[in-house]
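# Inside the fold
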Amino acid sequence: MSEPLLSVQGLEKHFPVTKGLLQRQVAAVKAVDGVSFEVRKGETLGLVGESGCGKTTTGRLITRLIEPTGGKIVFEGNDITHMSQGKMRPLRRDVQMIFQDPYSSLNPRHTVGAIVGAPFRIQGIKTEQGVKKAVQDILELVGLNPEHYNRYPHEFSGGQRQRIGIARTLALKPKLIIADEPVSALDVSIQAQVVNLLEDLQNELDLTYVVIAHDLSVVRHISDRVAVMYLGKLVELADRKSLYESPMHPYTNALLSAVPIPDPKRRVERERIRLQGDVPSPLNPPPACRFHTRCWKAQEICKTVEPPLQKLAPGHEVACHFPENAPAAAAEAAPAAV
Ligand code: SF4
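Everything in this summary refers to the structure shown in the same document. Just so you know, these numbers come straight off a predicted model, no measurement behind them. (Residues numbered from 1 in each chain as written. Predicted model: local features only at pLDDT ≥ 70, side-chain atom pairs only at ≥ 80, totals over all residues. Heavy atoms only, no water.)

### Regarding the pairing of strand β1 (residues 4–19)
Each regular strand displays side chains that alternate between the two surfaces of the sheet. Selection rule: Strand pairing requires that DSSP identify at least two bridges connecting the strands. Runs of H or I in DSSP of at least four residues are treated as helices and runs of E of at least two as strands, each being numbered from the N terminus.
Here 13 bridges tie β1 to strand β2 (residues 24–40), and the two strands are oriented antiparallel to one another. Along β2, the bridge assignment pairs V17 with A27. Linking β1 back to β2 in an antiparallel pair, the connection comprises 4 residues, with G20 at a positive phi of about 80°.

What follows is the structure in structure tokens.
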């Protein structure tokens, strides 16, 4: 097993809620609340959950676009949690982010050459002629015509614009890429092309990915392991096969039951789990197990004791008092109903 490239330990991001002229803090939105995981070199970790679960905030914390409230971020053995922006500059080359919306993430007034070449110019590491050659090489790598160097974003389709965004990300040969909903703004027919491109680039350039998505069908294809978040907490983390074939957390089960199945026979056999109610406000999350207000298996203990994230099978961790599909020994260890 390869060593971790990234280690996130007890990561927290609490956004203060202020009131009055003096902007007194009256509460905090706990967007990310004690999240821990590792990402190994060369692997893809899928980070999934409904809107507002904290997955995008986690991605932004890792890239240090926002400051964490607590916890630790270790990249290649270096603690970067509170590293100054000056010291972070060389590391910025190693950790890059692909944004969700290819329409708004590209400056419409800049040419493709200016957009993809910007990282080189900001870091001051190439001559103008060198930048042009490097940009054209990257455009070719992501399947775009190098001759389109002087074109503007509006001259491209949605899928091509996302390729431009990916090309910009690759400019400085990063080691880790955080891809935030990289295909959700694209037409379904284009999504597979972009996912395949990400896979090809990973093999060719030895990249490590954290792919953030609300859709489990997107991360199924690309991920080696999948982490599921709910209301700022990690509730399940497992190898892809284990998570999709034997999900243990009721929330993961509910998310998986909504994923479309192409086989009509299996589609009829499978029962769709419809979650009750909306995701509670992160301003005032339910105590103990945060999922208990929507969980059909909830018992008294779920409302009073927070279930820890614990390993119940090889490579499979879950935070639930009454996990599903758990091996017999683990099921016996589950707490008795109160
Ligand atoms: Fe449901 Fe209880 Fe498990 Fe939470 S701990 S997911 S409420 S069974």
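Next comes the rest of the description.
### Thoughts on the environment of R290
Which entries qualify depends on this criterion: Buried, partly exposed and exposed residues are distinguished by accessible area as a fraction of the type maximum, computed with a 1.4 Å probe on protein chains only: under 20%, between the cut-offs, and over 50%, respectively. Contacts are assigned to residue pairs with any non-hydrogen atoms lying within 4.5 Å of each other. Polar contacts, as used here, are pairs of N or O atoms within 3.5 Å; protein pairs need one atom able to donate a hydrogen and one able to accept it. Residues neighboring in sequence count only if both atoms are side-chain atoms.
Turning to its location among the elements, R290 is positioned in the loop between α10 (264–269) and α11 (300–304). We classify R290 as buried; its relative accessible area is 11%. In this structure, the C-alpha to C-alpha distance between R290 and K233, residues 57 residues apart in sequence, is 8.4 Å. The contacts of R290, once residues within four sequence positions are left out, are K30, D33, Y230, L231, K233 and P285. Polar side-chain contacts of R290 include one of 2.7 Å to the backbone oxygen of L231.

### Considering the sheet that holds strand β6 (residues 95–98)
Operational definition: Axis geometry follows a simple rule: fit a line to the C-alpha atoms, using only the stretch in contact for helices, then measure angles between N-to-C directions, giving values from 0 to 180 degrees.
Taken in spatial order, the 8 strands line up as β6-β7-β8-β3-β9-β10-β12-β11 in an open sheet, and their pairing is mixed. Looking at the sheet topology across the chains shown, the edges are occupied by β6 and β11 (310–313). Strand-to-strand twist of the sheet, defined as the mean angle between neighbouring strand axes without regard to direction, takes the value 20°. Relative to strand β9 (residues 225–230), strand β3 (residues 44–48) runs parallel, the two being bridged by 4 bridges. Paired with L45 across the bridge in β9 is R225. Against the sheet, helix α2 (residues 85–94) engages β6 and β7 (176–180), with an angle of about 55° to β6. Contacts between helix α5 (residues 158–170) and the sheet are confined to β6 and β7, with β6 contributing the most and set at about 175° to the helix.

### Looking at the sheet that holds β1
If you trace the 4 strands from one edge of the open sheet to the other, you get β2-β1-β4-β5, paired in antiparallel fashion. Both outer strands of the open sheet, β2 and β5 (78–79), are each paired with one neighbouring strand and no more. Here strand β4 (residues 70–75) runs beside β5; their pairing, made up of 2 bridges, is antiparallel. Across the sheet, residue F75 finds its bridge partner in β5, namely N78. With respect to the sheet, helix α1 (residues 55–62) is in contact with β1, β2 and β4, its orientation differing from that of β1 by roughly 115°.

### A short note on the packing of aromatic side chains
Let me state the cut-off plainly: A pair of aromatic rings is counted whenever rings of Phe, Tyr or Trp (Trp by its six-membered ring) have centres within 6.5 Å, and the orientation is called stacked for planes under 30 degrees apart, edge-to-face for over 60 and tilted otherwise. We call a charge positioned above a ring when the Lys NZ or Arg CZ atom is no farther than 6 Å from the ring centre and deviates by at most 35 degrees from the ring normal.
Applying the stated criterion across every chain, the model contains 3 aromatic pairs. One aromatic cluster is present, built from ring pairs that chain together Y230, Y251 and F291. Positioned over the ring face of Y149 is K132, at 5.2 Å from the centre of the ring.

### Some points on the environment of L172
Here L172 is to be found in the loop between α5 and β7. In sequence terms L172 and D278 are 106 residues apart; their C-alpha atoms lie 41 Å from each other.

### Remarks on the nonpolar core
Keep this limit in mind: To define a nonpolar core, start from buried Ala, Val, Leu, Ile, Met, Phe, Trp, Tyr and Cys residues and group those joined through side-chain atoms within 4.5 Å.
Judged by nonpolar contacts, the single largest core of 57 residues is most densely connected at I166 and L216. Listed in part, the 29 residues of the second largest apolar core include L5, L6, I212 and L237.

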